[in-house]
Amino acid sequence: MRELIFATNNQHKADEIQPVLRDGFKVLTLRESGIEIDIPEPYDSLEENAKTKARTIYQMTGQNCFSEDTALEVNSLNGEPGVKSARYAGDGRDAGANTGKLLNKLSDQEDRSGRFRTVIALILDGQEYLFEGICEGSIADQPRGVKGFGYDPVFIPRGDNRTFAEMDLAEKNQYSHRAKAVSKLVDFLNSSYH
Ligand code: ITT
């Protein structure tokens, strides 16, 4: 079994990628690896933040690992919440407060389009690789649904009229930024990691 550490403290992310990775890989979260660390994400780019998270864990463990950083980018807000998505409404990382702030800022905007963007950084045998996944969509007028996490209750992917929080995981994964990035990761691992 090919083992990889997923450098995240976000259990929702781990749950989402599991079905996409399916068989063949054993993915351990930080908790499952016995690692307790909150890795800072100090940079203005998803790429740099993802690389930092993966490098930190690689330096600690010497094991193959990957991390991901995700942002919601809204066009009429010049890409906000962007890399600061987790702390948009403050250090409490409160999803309800973050979505509330976003809806407030959009209240007088006609253009509600935006995207989720995920960047995965993989370190395999000491080499770094990046994979990107994008999901275009728009921001709902108010939160709908109780599934998922983070901004899911206000994000409607292009091609549907439900928010991510109104979808089962398998349905979200048909559209999602994270599933797209993970499927590129899987293709790469299948061709190079035996
Ligand atoms: P890590 O341990 O992996 O860093 P995190 O929760 O800090 O976990 P991010 O910095 O990537 O993760 O999260 C950015 C923000 O975007 C955060 O508020 C999430 O709730 C939100 N987010 C990320 N992916 C999302 C998704 O698929 N749907 C809705 N919101 C999402």
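Here the structure is shown first, and the text comes after it.
A few points on the structure. Each chain carries its own residue numbering, running from 1 in the direction its sequence is written. With the structure being a predicted model, the display of local features is reserved for residues of pLDDT at least 70 and the display and counting of side-chain atom pairs for 80 or more, all residues being used for whole-chain, interface and lining totals. The basis for every side-chain value is the complete set of non-hydrogen atoms in the structure, without hydrogens or water.

## A look at the pattern of salt bridges
By convention in these notes, a salt bridge is any Lys or Arg side-chain nitrogen within 4 Å of a carboxyl oxygen on Asp or Glu. Within the structure shown, the criterion is met by 22 salt bridges. The partner of Glu41 in a salt bridge is Lys53, and the shortest N-O contact between them spans 2.9 Å. Of this pair, Glu41 sits in the loop between β2 (25-29) and α2 (46-61) while Lys53 is found in helix α2, placing the two residues 12 residues apart along the sequence. Each residue gets one of three labels from its accessible area relative to the maximum for its type: buried under 20%, exposed over 50%, partly exposed in between, using a 1.4 Å probe on protein chains only. With a relative accessible area of 6%, Lys53 lands in the buried category. Here Asp91 ties to Arg87 by a salt bridge, and the two come within 3.5 Å at their closest N and O atoms. Judged by its relative accessible area of 37%, Arg87 falls in the partly exposed class. A cluster of three or more residues bridged by salt bridges with shared partners is formed by Lys13, Glu16, Glu68, Asp152, Lys172 and Arg178. Numbering of helices and strands starts at the N terminus; helices are DSSP runs of H or I of at least 4 residues and strands are runs of E of at least 2.

## Structural notes on the environment of Ala89
Within the fold, Ala89 resides in the loop between β4 (81-82) and α3 (95-105). Those residues in contact with Ala89 that sit more than four places away from it in its chain are Ala97, Asn98 and Lys101. Contact criterion: two residues are considered in contact whenever any of their non-hydrogen atoms come within 4.5 Å of each other.

## Brief notes about the environment of Arg158
By secondary structure assignment, the location of Arg158 is in the loop between β7 (155-157) and α4 (169-175). Here Arg158 falls in the exposed class, since its relative accessible area comes to 61%. Counting along the chain gives 118 residues from Arg158 to Pro40, while the straight-line C-alpha distance between them is 32 Å. Every residue in contact with Arg158, bar those within four places of it in the chain, is listed here: Glu136, Gly137 and Tyr175.

## Structural notes on the packing of aromatic side chains
Pairing of aromatic rings covers Phe, Tyr and the six-membered ring of Trp, with a centre-to-centre limit of 6.5 Å; geometry is then stacked below 30 degrees between planes, edge-to-face above 60, and tilted otherwise. If you walk through the whole model with that rule in mind, you get six aromatic pairs. Note on Phe116 and Phe164: the rings are 6.3 Å apart at their centroids and 20 degrees apart in plane angle, and the pair reads as stacked. With Phe116 in strand β5 (residues 113-124) and Phe164 in the loop between β7 and α4, the pair connects residues that are 48 residues apart, well separated along the chain. We note that Phe116, like Phe164, is buried. Every member of this aromatic cluster is reached through a ring pair, and the members are Phe116, Phe155 and Phe164. Across the ring face of Tyr88, the terminal group of Lys101 is positioned such that the distance to the ring centre comes to 4.4 Å. Here, a charge over a ring is recorded when the distance from Lys NZ or Arg CZ to the ring centre is within 6 Å and its angle to the ring normal is within 35 degrees.

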